[in-house]
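The residues making up each chain are set out below.
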There are 4 protein chains.
Amino acid sequence: MTTRQVELFCVPMRGPGDMSGLQRLIDAGALDPRDIVAILGKTEGNGGVNDFTREYASKSFALTLAPHLGCTPQAVESRIALVMSGGTEGVLSPHANIFVRRNVATDGRKGGSQRLAIGVARTRELLPEELGRAAQIHETAAAVRRAMNDAQIADAADVHFVQVKCPLLTAERVEAALARGRPPVTDDSYASMAYSRAASALGVAVALGEVDATVPDSAVLSDWSLFSRVASTSAGVELNSSAVVVMGNAQAAAGDLVIGHAVMRDAIDLRAVLDAFASVGVGHSSVGADMGARVVNVFAKAEASPDGLIRGTRHTMLDDSDITPTRHARAAVGGLIAGALGSASVYVSGGAEHQGPPGGGPIAVVARCVDALAHPF
Amino acid sequence: MTTRQVELFCVPMRGPGDMSGLQRLIDAGALDPRDIVAILGKTEGNGGVNDFTREYASKSFALTLAPHLGCTPQAVESRIALVMSGGTEGVLSPHANIFVRRNVATDGRKGGSQRLAIGVARTRELLPEELGRAAQIHETAAAVRRAMNDAQIADAADVHFVQVKCPLLTAERVEAALARGRPPVTDDSYASMAYSRAASALGVAVALGEVDATVPDSAVLSDWSLFSRVASTSAGVELNSSAVVVMGNAQAAAGDLVIGHAVMRDAIDLRAVLDAFASVGVGHSSVGADMGARVVNVFAKAEASPDGLIRGTRHTMLDDSDITPTRHARAAVGGLIAGALGSASVYVSGGAEHQGPPGGGPIAVVARCVDALAHPF
Amino acid sequence: MTTRQVELFCVPMRGPGDMSGLQRLIDAGALDPRDIVAILGKTEGNGGVNDFTREYASKSFALTLAPHLGCTPQAVESRIALVMSGGTEGVLSPHANIFVRRNVATDGRKGGSQRLAIGVARTRELLPEELGRAAQIHETAAAVRRAMNDAQIADAADVHFVQVKCPLLTAERVEAALARGRPPVTDDSYASMAYSRAASALGVAVALGEVDATVPDSAVLSDWSLFSRVASTSAGVELNSSAVVVMGNAQAAAGDLVIGHAVMRDAIDLRAVLDAFASVGVGHSSVGADMGARVVNVFAKAEASPDGLIRGTRHTMLDDSDITPTRHARAAVGGLIAGALGSASVYVSGGAEHQGPPGGGPIAVVARCVDALAHPF
Amino acid sequence: MTTRQVELFCVPMRGPGDMSGLQRLIDAGALDPRDIVAILGKTEGNGGVNDFTREYASKSFALTLAPHLGCTPQAVESRIALVMSGGTEGVLSPHANIFVRRNVATDGRKGGSQRLAIGVARTRELLPEELGRAAQIHETAAAVRRAMNDAQIADAADVHFVQVKCPLLTAERVEAALARGRPPVTDDSYASMAYSRAASALGVAVALGEVDATVPDSAVLSDWSLFSRVASTSAGVELNSSAVVVMGNAQAAAGDLVIGHAVMRDAIDLRAVLDAFASVGVGHSSVGADMGARVVNVFAKAEASPDGLIRGTRHTMLDDSDITPTRHARAAVGGLIAGALGSASVYVSGGAEHQGPPGGGPIAVVARCVDALAHPF
């Protein structure tokens, strides 16, 4: 009898084209490239419109894996969810999270505890004028449901993190849409990233029943009471459809990893960070110490609160014309989470519109089970 | 019989020219402008060479206080230490810390406990070619000793934070020095900020006996084993001499405030942040909760570790040509400290060369005494 | 019999608070502070939302002039049009253009030639929700007509440059408007600068008969066929009403200065730059040579073409998340004009929405008359 | 009998990974990939330390050409000089200049006129501690001589542009050198780019007899009287040795292209721009008009003058902590040259240390001969 088991490898990157971490894992036989289902990378660009480190890293991963998968690099990009989130401001360290899913033989007596499961799906290509609107919401929701199915997770309550990589509008794409008589939701590229992230997050929320499916276009970037507690969406110039990665715990899954999450209510919510650790059994007494033996990685979203305030004091992230708000937010939240974890190699992505409450965002932790440590599965 | 008592007022600023917080305190009679000894402000510029928010805020404070002190704005700037630290990246909130020192009548039975004391001094004008070299170190050290004297602190162990505001080199100042045949230590303005901060910090260390007075020029920005555990230095284009503010606890001082400190060994050292709180009696259980009733403010330094690593993982702060390392570091450390304190109105200054170990920095906390809360002095 | 005569003094600034240029003119008796009608400054900030160099320079000018005008600094700001345009990217040199208007005795035989005239006016305070909409257009148009009257210019064809300094939306102002149930046109501060500049420019166009007064809200930042050929508008955080400065030639004016203009059709339109010089009698053969004896200064607007193209080739200004498009555009157009003039002390302002054709902008030149040089008035 | 002929194809790039321009040329048979000797690209990164668009574009070109050359991508990078210069600030348009050198049959009566010739060479790998010092100067000089030989140019007077792509220091490379006890010339990455460009330029000057071969280390970035009139050097993180491309006119060369150059004495030297055009027979009357039929492209260097002045007025490029001086300079000089040429697709590279006089830089123009137009070769 076989069961599916998910492994997570977190490798440092010396640059967006540095594939040595992945290569070493392959060379050492630590993973079989054909088992890779998703790679979530933090690359060291500005995370904005002209951040080509995402595209460069994606292409590099595809190029490296193609010979192992016996297909073209283009085919790799459609088989594996390559989600690069740009921006390693402050202490954040460029790295890649490689998710491997493989079948393992079990003795049929796999106990009652759930383990980390992962599933992926992809939307069709989205037109420029669909971004930030209902079409993107519903295409994303459908993809989330397909990814849950792929992960063998039936209950939305078992989903702890949904990463979506979605397109953005460049000046070129805006012009193309206008030429077809289909004005996009904005003609500002940087602003389009927020729209795309927002609609994607609402799509996750719809799929998980957090928000009603009838959510109107006008709610996007406007009705902040609507949000998903587990969505993490990031926009990139390098793709025209959205890739969806669902992570959760499943009865059907084996392995020694589990995932849990909490929701930061604002950018300085250390309590929520500690709650996220607690959700996978890592106690407060470990805070700031080296949790390396237990925690594999943390996945979180960060944003500048849209009302310009954090617990009543003014922040300047929205009014800074030198540094974009997403860069500010990643730096600050990255500093907080890295401090709590005791490691700077964490996945913090910027722009949390409709991902957690305004100014806050989801935080998920993938850890090894205590019992797994004591009694490896 | 009278004793000196220090009060600290922390007021938000809506911009570098917003004096409404100070004005309200004056109008309400909460403080007497003549008792102000120092104002440490966080202003919302880039914290770099061309950050004019520091100069603008300094001039605004001087202009506001001049009529109350019966002197010119220029005279205010020499009577009161106006130390503006630019840069409120991430969650950091622009604000001013107004230190007031006044004589209060005591019944002569002031008990054994030390309370917050503050003293100020100023170096002579420093020539461009003196920055980053022995002259600056020794002028700073002498000023620190005068400021300790002014604070009535005799023992270096009672000093918990020494803020120095020092000059930097602009292209104009470099040219002037070259024209006199006196090449400055660097001709790069942004780099000169680091040299000036470094020499100032070594000056503090010399004054407090942390570093031998024979420290050579070559140690500046080079021998990272030499540092002060309490120095906080920041450079600004708006002054040609250095202003020194010494904070510590003194037997001679009254009031209900105390100060303590710890040293962050790196930018993610949450344990040190907690130790700093503990040094003034604020326990770990309060972390992330609202400490407003106890903690008045936190003063800390942040920097990108010069070896490019944080606990073995690479950071990208030194190689980013879009955002200066000091901006990155303030954002990250500001996020961490704000998270631990539960407030974003904290004083985090960038560039911690020879201020704490490389990559780390001092963190001081000013808090109300527990007994003071129960039995106000 | 007396006639009005306009003088233009162009003084360098070593920083936004450097008033030494103005002070020297006052000390030398070169101008009477009471005759100053407008100061157009280029300050060295980012020209964006958080550019406090504009506010700092404005306040410094007001503070310097107040004792000479026998009024408060606040009163100076309402008596004199203080228009600071932030951003001296590339070669642009920070400086102030001080316009002085005085009565001079004439012999009654002032000939037929027109000379430089200037007039100023101000709108009422504009509410956040009025920016970028009809209210701002019409208030601006009315102010332009008042300023023309003040300049004694009756014919719109004699107007060669209209500078408007208009408000922008900060996160705070947006929140205030939302709290009153009046959603502003955008909640993005940087985007609000474009809206405010656009509506101001359309206001100028309406006043001058270039655009029909019935222009709808929806044309703002959308119908690029509507524009003024002489409007130059810039937004700043430091004011809540708009200041309008009209420059043109008037029969009633004396002096030896004249103004002319041309319209750049795109950001690399060197021909239009040469045409602007030619409009005041400065020939092509002088290009790139020192025109200091003839040309007093050049006033121009620059912008990134909204379609992302310049003569068919793609530019990257709109897709750069590190540098705002206005900074890019000022740098490029500033380089071109400075090259043609042979001096970097030119007034180039960014963001030319509805100011000239899309991607282009007006360029005006103030020069000494040839006959004036030969036979001083 | 055969002669060598150089063609220059200038293709736009929609991003650093956009190879469609090259692909179209190959598909159309316009060039044989095996004849490509050099590709000089302008990519749309920040041109600084962390500009990965250069590396990404280089790898993309290598990947595209490898199958045509029957070798690995790595081998392509050593066979063809791939010189990517980051930074398309202002109007500059991302594009690639593809230099093709092929043998053509001639009738043996090729006349007396010189035509464009090109040669390439490469230094050995340079150690971190060699950058900015004599070793780099002399290795570069030797490579320039080899490249001249390759171009069949014997006389230094026939060399009109020498492009060098040289390494820089990252935090990692600095640490590696320090670990070996070999301190590099600076530990600041951005500063190392200037050192590397400077030493490379002096190497060119030595090879061409413009500077004496005994130039000491101390002259680098210091003795501005030493410079090459034709060197263009740019640093990039993507290589450890220097690639050298020599362009000039040679008797031995056929084709219808010629090259000429001038030297800009400062960043606003429009006269020199016009002289450069004149050097290849394009008259002043064409200025700003479409020169597309004659001029293939312009290659120039730009920098912020190290004394902070341009013709006596202050610039702010060196004191801006938000935008690096090289970005400012490219934007301004790019605007000037694009205006003169009437096209924004020009190659302007930043950082002109020892390349032309301080604040200025070389400008070369490749054009079609008039006689070639009339009587194609």
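These numbers were taken from a predicted model, which means no experiment stands behind them.

Novice: Before we move on, could you go through the overall build of chain A and cite the residues and values that matter?
Specialist: Helix and strand content of chain A: nine helices and 15 strands. Since a compact globule built from 377 residues should have a radius of gyration of about 21 Å, the 19 Å found for chain A is in line with a globular shape. Once the C-alpha set of chain A is aligned to its principal axes, its extents read approximately 60 × 50 × 40 Å. Counting across all 377 residues of chain A, residues that qualify as buried make up 68%. Long-range pairs, those at least 24 residues apart, make up 82% of the contacts in chain A with a sequence separation of at least 6. Accessible surface, chain A as shown: approximately 11,600 Å² in total, 51% of it carbon and sulfur. The average position of the 33 basic charges and that of the 39 acidic charges among the side chains of chain A differ by 5 Å.

Novice: Describe the sheet that holds strand S15 (residues 361–368) of chain B, naming the residues involved and giving the relevant values.
Specialist: Residues and elements named next belong to chain B. Judged by pairing direction, the sheet is mixed, and its four strands sit side by side in the order S10-S15-S11-S14 without closing on themselves. The sheet terminates laterally at strand S10 (257–264) and strand S14 (347–350), the two strands that pair on one side only. Within this sheet the neighbouring strands show an average axis-to-axis angle of 15 degrees, counted without direction. In the sheet, strand S11 (residues 295–302) pairs with S15 via five bridges, with the strands oriented antiparallel.

Novice: How would you sum up the relation of the copies chain C and chain B? Please name residues and give values.
Specialist: Take chain C, turn it by 180 degrees, move it 0.0 Å along the axis, and it overlays chain B with an RMSD of 0.0 Å. Accordingly, the operation relating the two chain copies is best matched by a two-fold axis. Counting the interface residues of chain C, we find that 100% of their copies in chain B are interface residues as well, pointing to one common contact surface.

Novice: Describe the packing of helix H1 (residues 20–27) of chain C against helix H2 (residues 52–69) of chain C, with residues and values.
Specialist: Residues and elements named next belong to chain C. Two numbers describe how H1 lies on H2: the axes approach to 10 Å, and their chain directions differ by 20 degrees. Judged by the angle between their axes, H1 and H2 are roughly parallel. In the packing of H1 onto H2, the handedness of the crossing is right-handed. On the side of H1, the interface is formed by Leu22, Gln23 and Ile26, while H2 contributes Phe61, Thr64, Leu65 and His68. Residues belonging to the contact of H1 with H2 are distributed by class as follows: four nonpolar, three polar and no charged.

Novice: Would you mind going over unusual backbone geometry in detail, with residue names and values included?
Specialist: Positive phi, normally seen in glycine, also occurs at A:Arg311, with a value near 45 degrees. Among the secondary structure elements, A:Arg311 is positioned in the loop between strand S12 (309–310) and strand S13 (313–314). The class for A:Arg311 is partly exposed, based on a relative accessible area of 30%. Even without glycine at this site, B:Leu221 takes up a positive phi of about 55 degrees. Along the chain, B:Leu221 turns up in the loop between helix H6 (189–207) and strand S7 (231–235). Accessibility expressed as a relative area gives 19% for B:Leu221, which makes it buried.

Novice: Report on the relation of the copies chain B and chain A, specifying residues and quantitative values.
Specialist: The two copies are related by a screw motion: chain B maps onto chain A through a turn of 180 degrees and a shift of 0.0 Å along the axis, at an RMSD of 0.0 Å. Residue by residue, 100% of the interface of chain B is reproduced at the interface of chain A, so both copies engage with the same surface.

Novice: Please set out helix H5 (residues 171–179) of chain D residue by residue, giving values where relevant.
Specialist: All names here are of chain D. Taken together, the buried positions of H5 are occupied by Ala171, Arg173, Val174 and Ala177. Buried positions in H5, seen along its axis, are confined to an arc of 165 degrees and lie on one side of it. Structurally, H5 contributes buried residues whose contacts are with helix H6 (189–207). The first or second residue beyond H5 is Gly181, which carries a positive phi of 75 degrees.

Novice: Quick one: what's the story with the pairing of strand S2 (residues 36–43) of chain D, residue by residue and with numbers?
Specialist: Residues and elements named next belong to chain D. A large share of S2 lies buried, amounting to eight of its eight residues. Looking at chain direction, S2 and strand S3 (residues 81–86) are connected through six bridges and run parallel. Note on S3: the bridge partner recorded for Ile39 is Leu82.

Novice: Got a sec to walk through the interface of chain C and chain B? Specific residues and values, please.
Specialist: The interface is formed by 14 residues belonging to chain C together with 14 residues belonging to chain B. The junction of chain C with chain B conceals about 1,100 Å² of combined surface from both sides, 63% of it contributed by carbon and sulfur atoms. Looking at the side of chain C facing chain B, the largest losses of area belong to C:Phe52, C:Tyr56 and C:Asp322, adding up to 48% of the total buried there. Taken together, the connections running from chain C to chain B amount to two residue pairs in polar contact (both at pLDDT 80 or more). Per element, the largest residue contribution to the side of chain C that touches chain B is six residues, and it comes from H2(C). Grouping the constituent residues of the side of chain C that touches chain B by class yields four nonpolar, four polar and six charged.

Novice: Lay out the interface of chain B and chain A with the relevant residues and their values.
Specialist: The interface of chain B with chain A comprises 43 residues on the first partner and 43 residues on the second. Counting the surface lost from both chain B and chain A, the interface buries some 3,100 Å², and carbon and sulfur atoms represent 55% of this. When residues of chain B are sorted by the area they lose upon contact with chain A, B:Ile268, B:Arg271 and B:Arg314 head the list and together hold 19% of the total. Linking chain B with chain A are four salt bridges.

Novice: If you had to explain the packing of helix H1 (residues 20–27) of chain B against helix H2 (residues 53–69) of chain B to someone new, which residues and values would you point to?
Specialist: All names here are of chain B. Following both chains from N to C, one finds H1 and H2 inclined at 20 degrees, their axes separated by 10 Å at the closest point. Compared by their axis directions, H1 and H2 come out roughly parallel. Between H1 and H2 lies a crossing whose hand is right-handed. The segment H1 lies against H2, with Leu22, Gln23 and Ile26 engaging Phe61, Thr64, Leu65 and His68. Across the contact of H1 with H2, the residue classes break down as four nonpolar, three polar and no charged.

Novice: Tell me about the pattern of salt bridges, residues and numbers included.
Specialist: All told, the structure shown has 59 salt bridges over all chains when counted by the stated rule. One salt bridge in this structure joins A:Asp150 and A:Arg101, with 3.2 Å as the shortest N-O distance. Residue A:Asp150 is found in helix H4 (residues 134–151), and its partner A:Arg101 is found in strand S4 (residues 95–105); the two are separated by 49 residues along the sequence. On the basis of relative accessible area, A:Asp150 is assigned to the partly exposed category, the value being 24%. D:Arg327 serves as the salt-bridge partner of B:Asp322, at 3.5 Å between the closest nitrogen and oxygen. A residue pair is termed interchain when its members come from two chains, as with B:Asp322 in the loop between strand S13 (313–314) and helix H8 (325–341) and D:Arg327 in helix H8 (residues 325–341).

Novice: Outline the side chain of B:Asn297, supporting the account with residue identities and numerical values.
Specialist: Residue and element names in this part refer to chain B. Looking at the secondary structure, you find Asn297 in strand S11. Residue classification places Asn297 among the buried residues on the basis of a relative accessible area of 0%. Not counting the four nearest positions on each side in its chain, Asn297 is found in contact with Cys10, His95, Asn97, Ser345, Val346, Tyr347, Ala364, Val365 and Val366.

Novice: Outline the sheet that holds strand S7 (residues 231–235) of chain C, supporting the account with residue identities and numerical values.
Specialist: Residues and elements named next belong to chain C. If you trace the four strands from one edge of the open sheet to the other, you get S5-S8-S6-S7, paired in mixed fashion. Of all strands in the sheet, those bounded by a partner on one side alone are strand S5 (115–125) and S7. The mean inter-strand angle of the sheet, taken between neighbouring strand axes irrespective of direction, is 15 degrees. With nine bridges joining them, S5 and strand S8 (residues 241–250) adopt antiparallel strand pairing. Looking at S8, one finds that Gly119 is bridged to Val246. Along the sheet face, helix H4 (residues 134–151) touches S5, strand S6 (159–166) and S8 and points at about 145 degrees away from the line of S5.

The rules behind the values
- Residues numbered from 1 in each chain as written.
- Chains lettered and ligands numbered in written order.
- Predicted model: local features only at pLDDT ≥ 70, side-chain atom pairs only at ≥ 80, totals over all residues.
- Heavy atoms only, no water.
- Helix = DSSP H or I, 4+ residues; strand = E, 2+ residues; numbered from the N terminus.
- Rg over C-alpha atoms; globule rule 2.2 N^0.38 Å.
- Buried < 20%, exposed > 50% of the residue type's maximum accessible area, 1.4 Å probe, protein only.
- Contact = heavy atoms within 4.5 Å.
- Areas by Shrake-Rupley, 256 points an atom, 1.4 Å probe, with all protein chains shown as cover.
- Lys, Arg positive; Asp, Glu negative; His and termini not counted.
- Charge placed at Lys NZ, Arg CZ, Asp CG, Glu CD.
- Pairing = 2+ DSSP bridges.
- Axes fitted to C-alpha atoms, helices over the stretch in contact; angles between N-to-C directions.
- Least-squares fit on C-alpha atoms with pLDDT ≥ 70 in both.
- Parallel < 35°, antiparallel > 145°, perpendicular 65-115°, else oblique.
- Left-handed = near helix turned anticlockwise from the far one by under 90°.
- Nonpolar A, V, L, I, M, F, W, Y, C, P; charged D, E, K, R; others polar.
- Arc of directions from axis to C-beta.
- Buried area = accessible area lost by both parts, 1.4 Å probe.
- Polar contact = N/O pair within 3.5 Å; in protein donor to acceptor, adjacent residues only side chain to side chain.
- Salt bridge = Lys/Arg side-chain N within 4 Å of Asp/Glu carboxyl O.

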